[in-house]
Amino acid sequence: MASARTDIRRYAGFSTLTALCLTVLYVPLIVVAVYSFNDSRSITAWGGFSVRWYVDVFTGPESPVFRAAAWNSISIAFLASTAATVIAVSAAVAMVRGGRFRGRQASFAVINLPLMVPEIVIAVATLIFFTTIGLRTGYGTILIAHVTFCIPFAYLPISARLQGIEDTYELAARDLYATRWQAFRLVLLPLMMPGVISGWLLAFIISLDDFIITNFVKGAGMETLPTAIFGSVKQGIKPNIMAISTLMLAVSAVFVTLSYLINRIGQKAR
Amino acid sequence: MAGGAATDSTSSGTSWRRLVLPLLLPSWLVVGIFLLMPVALMAIYSFLAKDFRGGVIWQFSIEAYDQFFLDRGLFGDEPPRPNWAYIAIFWRSIWQAGLATLLCLAIGFPTAWFIATRNPRHRALWIFLITVPYWVNLLIRTVSMRFLLRDQGPFNEALMGIGLIDSPLRIINTDLAVQIGLFYSYLPFMVLPIYAAVERYNFALSEAARDLYAGPWTVLREVVLPSVRPGIVAGCILVFIPSLGAFLAPDLLGGARTYMIGSLIDEQFRGSAGNWPFGSAVAMVLLTMVLAVLLWQARARKAR
């Protein structure tokens, strides 16, 4: 009797391992966030609470470098994720609404290819390509590379959302003499919006995060935040790097929270 | 059902069929020109001769692959012997990635199971907790791990503080540090697909097995694992593939003796000492291995 009533969902030790998993994931981030408020110049000893390293990030000797890098990172992420989202919306409509057509599987593979090829291989191949066609590496080449690898990240949430929308809404609009473009813009696109925003946010973060590919195609003298941080860390971890890291951590947390909330609203609206 | 309804009525008014080509053209163009062509060009580069100041001479040569697999002595005039130096780096990458995958599975499966068996209202919050680190910049996460594990870092201080050790453990610059880094980097990739699979699992199957006097661990092994296998395979691939070509973990947490494929490729394109054809050849070998794993998975999935 007792064994029949034991919960089939419970296994001894699984909750402990879950706690371990969350500890491993969060402890390094929390430690860096805490030490970023350390008043001491040494990163080892605790010298009391202070925000001096945050002030240093914005006004210190390295601040012009960081400011330029932050501007490059954010503007590239904005442009790349927007371009990738437009491309992904158009691809998702064809893939989900196009029925069966020749080359559908090949198209699916092409859209997801940037996910399958290892980052370091994309980085090397892209550098070779730009060098061979004689394009000077810099802002433009970073942007092109980012648009390319952001496409699948934007595509996944958008196509998932579109698959959940029945085409009766569009049909109704078309029956009422809406043109295809009107039916898309006024009916389908608003319904797809939660997926589109999720896709855009995901692509934005992925672009902001990228180090390996950017590092290969950035050229001399051009920095994004990750490459600037990497360059600085190579000479040892300084307190101002911990402050920047904590700021970027906060930005990521805000983005993931936004995406989470938008998805929940989207689910409720259905 | 929604998907079925959408495809069934494609012959009627909303059909986008005639627009498929223009709608897919942008993605084909961008990925084709900026990813497929570069990879093809990289394949060509791996068969060219190297130039002194980095770059290539347009002349067919299998020197790069020869250098990878064979050792012909310092001046290239000795009889060829197999070259173990680069194969050893590949071997280290494979077992590091494999071990990271196993560790992620050992922690990730129970975590995914635990979350999928919570009250449905709280599951989204648990998954949110797993995804936040995934969205944090990988570079920053790796730097944080390096900060934590340093000789005078908080981890060693804490261990010395509670009297477990007398002198700091030397973790940084070892294979162990790289392993911790890989495990930590890709752990969320393991949890998410397994969670998706467990959430769809029909718990009545477990119940039936228990009624037939199977113990809980037998149920897990014989009933649950086969049902959620696609999720486990997906998670393993999502951890194994990026670990295999990882650059940040070996570079920031490891040292000169913990070289992995990613570092080897990177080195060939740094400054004038690089060797582009050789770097391309190593990248081709890595790409071939990754595509082989993906093809194997696709075929295994079809066979089911």
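Residues numbered from 1 in each chain as written. Chains lettered and ligands numbered in written order. Predicted model: local features only at pLDDT ≥ 70, side-chain atom pairs only at ≥ 80, totals over all residues. Heavy atoms only, no water.

*Asks:* Is there a simple way to explain the overall build of chain A in this structure?
*Replies:* The helix and strand inventory of chain A stands at 12 helices and zero strands. Helices and strands in chain A line up, N terminus first, as α-α-α-α-α-α-α-α-α-α-α-α. Whereas a compact globule of 270 residues would reach a radius of gyration of roughly 18 Å, chain A reaches 23 Å, over 25% beyond that. Principal-axis analysis of the C-alpha atoms gives chain A an extent of 75 × 70 × 35 Å. Counting all 270 residues of chain A, 55% fall into the buried class. Summarising the internal contacts of chain A: among those between residues at least 6 apart in sequence, 71% fall at separations of at least 24. Charge separation in chain A, taken as the distance between the mean sites of 21 positive and 12 negative side-chain charges, equals 4 Å. (Helix = DSSP H or I, 4+ residues; strand = E, 2+ residues; numbered from the N terminus. Rg over C-alpha atoms; globule rule 2.2 N^0.38 Å. Buried < 20%, exposed > 50% of the residue type's maximum accessible area, 1.4 Å probe, protein only. Contact = heavy atoms within 4.5 Å. Lys, Arg positive; Asp, Glu negative; His and termini not counted. Charge placed at Lys NZ, Arg CZ, Asp CG, Glu CD.)

*Asks:* Would you mind showing me how to read the interface of chain A and chain B here?
*Replies:* The parts lose accessible area when they come together, and the size of an interface is often stated as this lost area. Residue-level contacts link 95 residues of chain A with 98 residues of chain B. In total, about 8,900 Å² of surface goes out of reach between chain A and chain B, with carbon and sulfur atoms giving 77% of it. Among the residues chain A hides against chain B, the three largest losses belong to A:I8, A:Y11 and A:R180. Together they make up 8% of the total. Inspection of the region where chain A meets chain B yields one salt bridge. In this structure, the salt-bridge partner of A:K234 is B:D251, at a minimum N-O distance of 2.7 Å. Where chain A touches chain B, the interface holds 11 residue pairs in polar contact (both at pLDDT 80 or more). The dominant element in the side of chain A that touches chain B, judged by the number of residues it contributes, is helix α2 (residues 14–35) of chain A, at 16 residues. Grouping the constituent residues of the side of chain A that touches chain B by class yields 65 nonpolar, 20 polar and 10 charged. (Buried area = accessible area lost by both parts, 1.4 Å probe. Salt bridge = Lys/Arg side-chain N within 4 Å of Asp/Glu carboxyl O. Polar contact = N/O pair within 3.5 Å; in protein donor to acceptor, adjacent residues only side chain to side chain. Nonpolar A, V, L, I, M, F, W, Y, C, P; charged D, E, K, R; others polar.)

*Asks:* For this particular structure, what's the right way to read the environment of A:E62?
*Replies:* Residue and element names in this part refer to chain A. With respect to the element layout, E62 can be found in the loop between α3 (52–59) and α4 (63–97). Between the C-alpha atoms of E62 and K234, which are 172 residues apart in sequence, the distance is 15 Å. Apart from residues lying up to four places away in sequence, E62 is in contact with S232, K238 and N240. Polar side-chain contacts of E62 include one of 2.8 Å to the side chain of N240.

*Asks:* Sorry, what's going on with the nonpolar core here?
*Replies:* For soluble globular proteins, the rule of thumb is that nonpolar side chains tend to be buried together. Residues A:M192, B:F109, B:W113 and B:I265 are the most contacted members of the largest nonpolar core, which totals 185 residues. No other element matches α4(A), which puts 16 residues into this core. In this view, B:W113 contacts A:I8, A:R9, A:Y11, A:F14, B:V198, B:Y201, B:F203 and B:V224; residues no more than four positions away in its chain are not counted. (Core = buried A, V, L, I, M, F, W, Y, C linked by side-chain atoms within 4.5 Å.)

*Asks:* Quick question: what am I supposed to make of a nonpolar patch on the surface here?
*Replies:* All names here are of chain A. A contiguous nonpolar patch, built from I30, V34, W46, F49, V51 and V55 and spanning about 600 Å² of accessible area, is present on the exposed surface. As for its placement among the helices and strands, I30 is situated in helix α2. Residue I30 is classed as partly exposed on the basis of its relative accessible area, which comes to 48%. (Patch = residues over 30% accessible without salt bridge, like charges linked within 9 Å, V, L, I, M, F, W, Y side chains within 5 Å. Areas by Shrake-Rupley, 256 points an atom, 1.4 Å probe, with all protein chains shown as cover.)

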